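Observations on the model geometry
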Amino acid sequence: MKAAVIDAPGKLAVRDVPSPVPAPGEVIVSLALGGLCGTDLHIFAGELNYGYPIIAGHEVVGTIAEIGEGVFDLDVGMRVAFDPNIACGSCHYCQKMRFNHCLHWEGIGVTRDGGFAERVAVPASVIYPIGNMPFDQAVFIEPLSCVVYGLQRATPSLGDKVLILGAGPIGLLLMQSVRRAGAASVVITDVQRDRLDLASRLGAEAAMQAGDGQRDALFDLAPYGYDMVIDATGAPAVAASAFDYVTRGGKVLLFGVCPEDATIPFSPFKIYRHDISVYGSFALNKSFGPAIELLKSGAVQVGDLISHRFSLDRFPAALELALSRSEPTMKILIEP
Ligand SMILES: [Zn+2]
Ligand SMILES: [Zn+2]
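Residues numbered from 1 in each chain as written. Chains lettered and ligands numbered in written order. Predicted model: local features only at pLDDT ≥ 70, side-chain atom pairs only at ≥ 80, totals over all residues. Heavy atoms only, no water.

Surrounding the zinc ion (ligand 1) are the protein donor atoms Cys-37 (SG), His-58 (NE2) and Glu-59 (OE), at 2.1 to 2.3 Å. Between consecutive donors of the zinc ion (ligand 1), the numbers of intervening residues give the motif C-x20-H-E. With Cys-37 in the loop between strand E3 (26-35) and helix H1 (38-45) and His-58 in the loop between strand E4 (54-55) and strand E5 (59-67), the pair connects residues that are 21 residues apart, well separated along the chain. One exposure class covers both Cys-37 and His-58, and it is buried. (Donors = N, O, S within 2.8 Å, 3.2 Å for Na, K, Ca; no water. Helix = DSSP H or I, 4+ residues; strand = E, 2+ residues; numbered from the N terminus. Buried < 20%, exposed > 50% of the residue type's maximum accessible area, 1.4 Å probe, protein only.)

We now examine the coordination of the zinc ion (ligand 2). Ligation of the zinc ion (ligand 2) by protein atoms is provided by Cys-88 (SG), Cys-91 (SG), Cys-94 (SG) and Cys-102 (SG), these donors lying 2.3 to 2.4 Å from the ion. Judged by its relative accessible area of 34%, Cys-88 is partly exposed. Overall, the relative accessible area of 7% leaves Cys-91 in the buried class.

Once that is clear, we can look at the packing of aromatic side chains. In total, this model carries six aromatic pairs according to the counting rule given. On the numbers, 6.1 Å between centres and 25° between planes, the contact of Phe-243 with Phe-266 is stacked. Here Phe-266 lies in the loop between strand E15 (246-254) and helix H9 (268-273) and Phe-243 lies in helix H8 (residues 236-245), a separation of 23 residues in the sequence. Take Phe-243: its relative accessible area is 10%, and that puts it in the buried class. Among the residues examined, Phe-266 registers a relative accessible area of 48% and is labelled partly exposed. Residues Phe-269 and Tyr-272 carry aromatic rings whose centres are separated by 5.5 Å and whose planes lie at 65° to one another, so their mutual orientation is edge-to-face. Here Tyr-272 and Phe-269 lie together in helix H9, a separation of three residues that amounts to about one turn. (Phe/Tyr/Trp six-rings, centres within 6.5 Å; stacked < 30°, edge-to-face > 60°.)

A sheet is described by the order of its strands in space; here three strands give the open sequence E2-E1-E4, paired in antiparallel fashion. Looking at which strands have only one partner, the edges of the open sheet turn out to be strand E2 (11-16) and E4. Alignment of strand E1 (residues 2-8) against E2, held across six bridges, turns out to be antiparallel. Paired with Ile-6 across the two strands is Leu-12, which belongs to E2. Sheet contacts for helix H11 (residues 315-324): E1 and E2; angle to E2, the most-contacted strand, approximately 155°. (Pairing = 2+ DSSP bridges. Contact = heavy atoms within 4.5 Å. Axes fitted to C-alpha atoms, helices over the stretch in contact; angles between N-to-C directions.)

Relative to the 16 Å expected for twelve residues at 1.5 Å per residue, helix H5 (residues 169-180) spans 17 Å between its end C-alpha atoms, a close match to the ideal helical length. With nine of its twelve residues buried, H5 lies for the most part within the structure. One or two steps after H5, the chain reaches Gly-182, where phi turns positive at roughly 120°. (Expected span 1.5 Å × (residues − 1).)

If you want it as structure tokens, here you go:
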């Protein structure tokens, strides 16, 4: 079968590899659509290294092509998504239901071969049938599950004024979800103008150009600050600014992935004096169900979040675009 193989950091080739065979308890999913994500770029760059060669791709939907021994309730031809996180179920963290911190965690497309290939092997335990949901929509289940988990952690309250820093695909999923979770209004910032227009169309109270003048404009809209501030950029300086905008008694959710060695200054006195809560949120934790329902019901709209589509053959061009940002991008999708 054809696959986009990362042979070593910085070294990628689309080539023929042996087709996966389902182990007991596994199914083979044939690719319909895969979303390119920051994690894939980190694997390509060697910043997330679980060994090479590796086929990336964890935001993947498709059709079941083959069923292994001991698989129940799934059939060939079923349209499915899969949770790329495979937890052991028995370690210290799994027993506390913190499956995303499993000590023996495996990630499809991270520690084992993923979906930027014609076929991928997936344990039946992480398969989610999607019925007749369009693949264009279903391909957002995985990133939306991460958003759901982040909001399950930070628990917005009814009537909150929310500020989201970053209006990329994740920022816009966060924005729509937090409104459903009770936010009265969401203000969002980004450097990319087209993203702000889209944010306004999708329900932002205000969509603001990030940069000089942002601070005054943000405080004009919320003189006492924001009940919840979410960083969706992963840029350390932007994440640090979340602490400036949060109101007394408010919450900061650090959602964007900052570089592992980055540090930011913050005032422990202010966190104490202002009753600030700070949340982290890693990947997802069995939150596919709510994400599927949010998409199915139309509560979260994703049609306009797709900016580019590349065939698997042209995977290198997709990666190049994501890395260079030579033109404005939102979600980049890979199709067979
Ligand atoms: Zn991802
Ligand atoms: Zn475990």
